[in-house]
Amino acid sequence: MNRSRNVLLVEDNPYDVELTLRAFEQNNIMNELVVVRDGKEALDYLFGAGAYAGRDLGDAPEVVLLDLKLPKIDGLEVLRRMRADERTRRQPVVVLTSSSEEKDVVSSYNLGANSFVRKPVDFTQFTEAAKQLGLYWLVLNEPPPGG
Amino acid sequence: MKIEAMPAEKAARAGGRPGSEALQRRLAVAFAGALVVVTTLSLTVFETARRALASSRLVAHAHEVLQVMNGVEGTLVTAQSAVRGFVITGDEVYLRDRDSALLSLESGVQRLRDLTADNDSQRRRWQALRDRLDERVALLDRLVVIRQTEGAGRAREFLRSVYPPPPPAKTGRIRAITGEMAREEELQLAGRMREEELASAFAVASGVVLAVLFALMFTLGYLAIRRRVAQTFGLNAALLSRTEEAEAANRELEGFSYSVSHDLRSPLRAIDGFSRMLTEDYGERLDDEGRRRLAVVREGSQRMGRLIDDLLEFSRLGKKPLACSAIDMTALAGEVYRELRTADPEGSPAFDLAPLPKGWGDAAMLRQVLANLLSNALKYVRKDRAPRIEVRGWAEDGRNVYCVKDDGIGFDMAHYDKLFGVFQRLHSAEFPGTGVGLAIVQRIVTRHGGKVWAESKPDEGSSFYFSLPQAAMSGFTDPPAARGGRR
């Protein structure tokens, strides 16, 4: 139950990762940002498998920022497997993606996403979005007990 | 991207085939003919059956007449034998036999009269028979009286005096009459039978002819229908394959816009974000020109982001099904205007909204039409005076027309053909925009079955009109105000 209050960022685009780090930094969000580059790595991290074997699963992320378009296993599949597993069933997940195609929004919510945010092209707006996300999910929101 | 040309295509494919009217006429003739034939056929069958029944009744009648005549003869013989027995023996028992025989003789004669009432010659014969029988019965009575009063000898003498030959010869005369009657009946019967045979032969012949006709018409009708059905199915198959092609194209396009939405926006975000980081972190080391150029990079990427968004929105509008309801256009226009002013409260425009006719359509889409027109009116303003925006609406020629009029910078009608095109702009970068707004307006209004048009003079202002068909309005009378007008 010792949450480290870190944020899991599932994002394959290194520039987007850098921009997200920058936006967090600019908004004084001090939580550690754990970055994984594809869906498989995300699942490995969440379930302590592969490169993350032996990781303390009690140390669940405060929030998962999940891109949908990912190599190997896509974001919706990651979400589906998370919701199918008791350990990550209640894990807050924000879908953070480029698209706002209606089918993506609908599928995400159907699979149990807690929020859906479209990444703005304009960096000013992007920074603002990161700020709002940090404020809401890391400060206001009460996480589920025990991960 | 719907295939709009479908109806024209269909019409062209249908050309060269027998028209629907000719086909309908042919079908009507074939089926009416078949109906007449079937009716005639059943009437003929009915008539034949009726005649057969009548003829069998006649046969039965003739048989009955013959039978009754035989009975009459028989009872007469019985009566005569009884009287003869009485004359010989004087035993009264014979008289009871005679009485019962005479009784049934009388009833037989009456029956015979009823049966032959319909035929004059037979009736005359019956009268003769009746007279003869009465004579005979009177003779028998007299014989009995003589036997009772004067004895057997006198009676026999009397018998001989009346019938020198043996008595049955007398019965022969009666038999002659009954024989005649029977022959008459048989003659009539034979005549009727001949007629009947002729009628049946005719009925059978006409039945066969009519049945053949019916089969012919039925077959022709069936062939006509089958040909048409085959044509229709062929046409449908062609349309279906076109529809499938169109659907495939639509799916491809959907996939395309999906990648546009995903893959084009990511690099743009990188360009914009990293330019911003460069400005923030290294701006001090750049001179003014360096910073200006970076600003241009950012502006370009942001603008491209908006273009992509607008283009996706425009493409989405073509696919999204309309969710129609009755809309209080007055309330919607007021609401949209207030929202636009809240988002950008600069300036002090005059807004004049007259009551508008109700509209029938997709609330979210019509909201966007009003938003695009009103934001244009608020955007393309003259710098030297506060803008004035009028919104009007009226009904004409089965449609409702709505107008957004401004007194802004206007445009040259020479460029009118570009006005509603995608990415077409009539004004410079002085007025921001992607050139998709009016294209969206046109697409939405067209999908609602309406039209968009505009009038303008440079520096005097523009009027943008759109119409919505009233036909769609029939079916509701007094809808709740501004249904769907709220988010």
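What you see is a predicted model; the values in this text were computed from it and never measured.

## Brief notes about a nonpolar patch on the surface
Residues and elements named next belong to chain B.
Then, in step 1: A cluster of nonpolar side chains, contributed by Val209, Leu213, Leu216, Leu220, Tyr222 and Leu223, occupies part of the molecular surface with about 550 Å² of accessible area.
Then, in step 2: Here leucine 223 is to be found in helix 6 (residues 168-282).
Then, in step 3: Among the residues examined, leucine 223 registers a relative accessible area of 35% and is labelled partly exposed.

## Quick look at the domain arrangement of chain B
Then, in step 1: When the domains of chain B are assigned, the result is domain 1 (20-219) and domain 2 (322-473).
Then, in step 2: The straight-line distance from the C-alpha centre of domain 1 of chain B to that of domain 2 of chain B is 104 Å.

## Some words on the packing of aromatic side chains
All names here are of chain B.
Then, in step 1: Tallied over the entire structure, the rule returns twelve aromatic pairs over all chains.
Then, in step 2: Taken together, a centroid distance of 6.2 Å and an interplanar angle of 85 degrees make the contact between tyrosine 416 and phenylalanine 420 edge-to-face.
Then, in step 3: Accessibility expressed as a relative area gives 26% for tyrosine 416, which makes it partly exposed.
Then, in step 4: We classify phenylalanine 420 as buried; its relative accessible area is 10%.
Then, in step 5: Judged by centre distance (5.3 Å) and plane angle (10 degrees), the ring pair of tryptophan 453 and tyrosine 465 falls under stacked. Within this pair, whereas tryptophan 453 is found in strand 6 (residues 452-457), its partner tyrosine 465 is found in strand 7 (residues 461-469), the two being separated by twelve residues in sequence.

## What to know about the interface of chain A and chain B
When the parts come together, some accessible area is lost, and that loss is often what is quoted as the size of the interface.
Then, in step 1: Residue-level contacts link 23 residues of chain A with 23 residues of chain B.
Then, in step 2: Both faces considered, chain A and chain B share a buried interface measuring about 2,200 Å² in area, 49% of it formed by carbon and sulfur atoms.
Then, in step 3: Between B:Asp309 and A:Arg118 there is a salt bridge whose closest N-O contact spans 3.0 Å.
Then, in step 4: Taken together, the links from chain A to chain B amount to 14 residue pairs in polar contact (both at pLDDT 80 or more).
Then, in step 5: Breaking the side of chain A that touches chain B down by element, the ones donating at least two residues are helix 1 (14-26), helix 4 (102-110) and helix 5 (123-140) of chain A.
Then, in step 6: With six residues, helix 1 of chain A is the largest single contributor of residues to the side of chain A that touches chain B.
Then, in step 7: Of the residues contributing to the side of chain A that touches chain B, the split by class is six nonpolar, seven polar and ten charged.

Quick notes on the rules
Each chain has its residues counted from 1, running along the sequence as written. Numbering of ligands from 1 and lettering of chains from A proceed in the order in which they are written. Restriction of local features to residues with pLDDT of at least 70 applies here, the model being predicted, together with a cutoff of 80 or more for giving and counting side-chain atom pairs; totals for whole chains, interfaces and linings are based on all residues. Each side-chain value is derived from all of the structure's non-hydrogen atoms; neither hydrogens nor water enter the calculation. Each patch is assembled from residues with relative accessible area greater than 30% and no salt bridge, linking like charges that lie within 9 Å and nonpolar side chains (Val, Leu, Ile, Met, Phe, Trp, Tyr) that lie within 5 Å. Note that accessible areas follow from Shrake-Rupley with a 1.4 Å probe, and for residues the cover is restricted to the protein chains shown. Put simply, a salt bridge is a Lys or Arg side-chain nitrogen that is within 4 Å of an Asp or Glu carboxyl oxygen. Each helix is a run of DSSP H or I of at least 4 residues and each strand a run of E of at least 2, with the numbering of both proceeding from the N terminus. Only protein chains enter the accessibility calculation, which uses a 1.4 Å probe; a residue is then buried when its area is under 20% of its type maximum, exposed when over 50%, and partly exposed in between. Segment limits for the domains were obtained from an automatic or database-derived domain assignment. Note on aromatic pairs: the rings of Phe, Tyr and Trp (six-membered ring only in Trp) are paired at centre separations within 6.5 Å, and the planes decide the class, stacked below 30 degrees, edge-to-face beyond 60, tilted for the rest. Between two residues, a contact is recorded if the distance between any of their heavy atoms is within 4.5 Å. Using a 1.4 Å probe, buried area is obtained as the accessible area two parts lose upon being combined, added over both of them. Between N or O atoms, a polar contact is any pair within 3.5 Å; within protein, one atom must be a potential hydrogen donor and the other a potential acceptor, and residues adjacent in sequence are included only when both atoms are from side chains. For this scheme, ten residues count as nonpolar: Ala, Val, Leu, Ile, Met, Phe, Trp, Tyr, Cys and Pro. Four count as charged, namely Asp, Glu, Lys and Arg, and the remainder, Gly too, count as polar.

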